[in-house]
Amino acid sequence: MSVLKIARMGHPVLGLVAEPVADPADPSVHRLVADMIETLDDIGGLGLAAPQVHVSRRLVIFHVPGEDTEKGPLTVLINPEIEPLGDDKEMGWEGCLSVPGLRGDVPRYTRIRYRGVTLDGSTIDREAEGHHARVVQHECDHLDGVLYPQRMTDLSRLVFDSEMRRFLIADEERERAAVESVTEDAAE
Ligand code: NI
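Definitions and limits used
- Residues numbered from 1 in each chain as written.
- Predicted model: local features only at pLDDT ≥ 70, side-chain atom pairs only at ≥ 80, totals over all residues.
- Heavy atoms only, no water.
- Phe/Tyr/Trp six-rings, centres within 6.5 Å; stacked < 30°, edge-to-face > 60°.
- Helix = DSSP H or I, 4+ residues; strand = E, 2+ residues; numbered from the N terminus.
- Buried < 20%, exposed > 50% of the residue type's maximum accessible area, 1.4 Å probe, protein only.
- Lys NZ or Arg CZ within 6 Å of the ring centre and 35° of its normal.
- Salt bridge = Lys/Arg side-chain N within 4 Å of Asp/Glu carboxyl O.
- Pairing = 2+ DSSP bridges.
- Axes fitted to C-alpha atoms, helices over the stretch in contact; angles between N-to-C directions.
- Contact = heavy atoms within 4.5 Å.
- Expected span 1.5 Å × (residues − 1).
- Arc of directions from axis to C-beta.
- 1 Å grid on protein atoms, 1.4 Å probe; cavity = no way out; pocket = protein on both sides within 12 Å on 5 of 7 lines; lining within 4 Å.
- Points joined across faces, edges and corners; volume = space filled by probe spheres on them.
- Nonpolar A, V, L, I, M, F, W, Y, C, P; charged D, E, K, R; others polar.

Enquirer: What exactly am I supposed to notice about the packing of aromatic side chains here?
Expert: Geometrically, a pair of aromatic rings is defined through the distance of the ring centres and the angle of the planes. In this structure the tally under the stated criterion is two aromatic pairs. Taking the centre distance of 6.0 Å and the plane angle of 70° together, the rings of Phe62 and Tyr114 count as edge-to-face. On the criterion of sequence distance, the pair formed by Phe62 in strand E2 (residues 59-63) and Tyr114 in strand E6 (residues 111-117) is long-range, its members being 52 residues apart. For the residue pair Phe62 and Tyr114, the accessibility class agrees, reading buried in each case. Here the aromatic rings of Trp93 and Phe167 are separated by 5.6 Å at their centres, their planes lie at 70°, and the arrangement is edge-to-face. Of this pair, Trp93 sits in strand E4 (residues 89-94) while Phe167 sits in helix H3 (residues 164-187); the two residues are 74 residues apart in sequence, bridging distant segments of the chain. The cationic tip of Lys89 hangs over the ring face of Tyr109; the distance from NZ or CZ to the ring centre is 4.7 Å.

Enquirer: What should I look at first to understand the pattern of salt bridges in this one?
Expert: Side chains that carry opposite charge are capable of pairing whenever their charged atoms lie near each other. For the structure on display, the rule yields 14 salt bridges. We note a salt bridge from Asp141 to Arg108, for which the minimum N-O separation is 2.8 Å. Of the two residues, Asp141 sits in helix H2 (residues 130-142) while Arg108 sits in strand E5 (residues 102-109), which places them 33 residues apart along the sequence. With relative accessibility at 4%, the residue Arg108 sits in the buried group. Among the salt bridges present, the one from Arg111 reaches Glu127, with a minimum N-O distance of 3.4 Å. Taken as a pair, Arg111 in strand E6 and Glu127 in strand E7 (residues 123-129) lie far apart in primary sequence, 16 residues in all. A residue is classified by how much of its surface remains accessible, and Arg111, at 36% relative accessible area, is partly exposed. By sharing partners, the salt bridges in this structure join Glu94, Arg108, Arg134, Asp141 and Arg151 into a single network.

Enquirer: Looking at this structure, I do not really get the sheet that holds E5. What am I missing?
Expert: Ordered in space as E4-E5-E8, the three strands form an open sheet in which the pairing is antiparallel. Looking at which strands have only one partner, the edges of the open sheet turn out to be E4 and strand E8 (158-160). Put simply, the sheet's adjacent strands are angled 25° from each other on average, direction ignored. Against the sheet, H2 contacts E4 and E5, and its axis sits at roughly 105° relative to E5.

Enquirer: I tried to follow helix H1 (residues 27-43) on my own but got confused; where do I start?
Expert: Every α-helix carries 3.6 residues per turn, so stepping three or four residues along brings you back to the same face. Helix length check: H1, at 17 residues, gives a terminal C-alpha distance of 24 Å against a target of 24 Å (1.5 Å per residue), a fit within 8%. All of the buried residues along H1 are Val29, Leu32, Val33, Asp35, Met36, Thr39 and Leu40. In a view along the axis of H1, the buried residues occupy a sector of 165°, so they form one face of it. Exposed positions of H1 whose direction lies more than 90 degrees from the buried face are Pro27, Arg31, Asp41 and Asp42. The secondary structure elements touched by the buried residues of H1 are strand E1 (47-49), E2 and strand E3 (74-84). Positive phi shows up at Gly44, right after H1, with a value of about 90°.

Enquirer: Teacher, can you tell me more about the layout of surface pockets here?
Expert: By volume, the largest pocket amounts to about 440 Å³. Lining the largest pocket are 23 residues, with Leu46, Glu94, Gly95, Cys96 and Arg103 positioned closest to its centre. Among the elements of the structure, E4, E5 and H2 are those that each provide at least two residues to the lining of the largest pocket. For the lining of the largest pocket, the element with the highest residue contribution is H2, accounting for five residues. Taken together, 16 residues form the lining of the second largest pocket, with Arg108, Tyr109, Gln137, Asp141 and Arg151 sitting closest to its centre. Within the residue set of the lining of the second largest pocket, elements represented by two or more residues are E3, E5 and H2. No other element matches the four residues that E3 contributes to the lining of the second largest pocket. By residue class, the composition of the lining of the second largest pocket is seven nonpolar, two polar and seven charged.

Here's what the structure looks like:
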């Protein structure tokens, strides 16, 4: 196994529509996944798509986030398909190993259904919401040559990691003000 080099924004491989994986049971696919898992463990991200390691195939790995947004169990998803459940979208902060040092506030579908196969050929068919749905949408976008800044609707919210804190504080204050105004309305 080996830690693979990550393609950065601007590398052509990140802009391609990736090819389906013909045979998930192929030993080369298993080797690729083992290397991707080692790479993700080494860098410490939530997910990784094959094009990010210069392999233009429809394969992603990601941790299913727990309720406390800590890393949950790892899913290997091959030839995935995503179907939004409803039109609702929500904003949320994302980072990407291919866009190092930056964070962006990105709209994503709140609820999705996603399907694909895993390494042993068995089918994955899940519904996801919130952070889980966000991670899957982010990773699968890589398979269509899309990076999260391309999904953003307000580029003033594309910021350096080191400046994130002030945005989170501002968001929290806005939320608190909204809750307080709801409480006041209820009290009237
Ligand atoms: Ni990414």
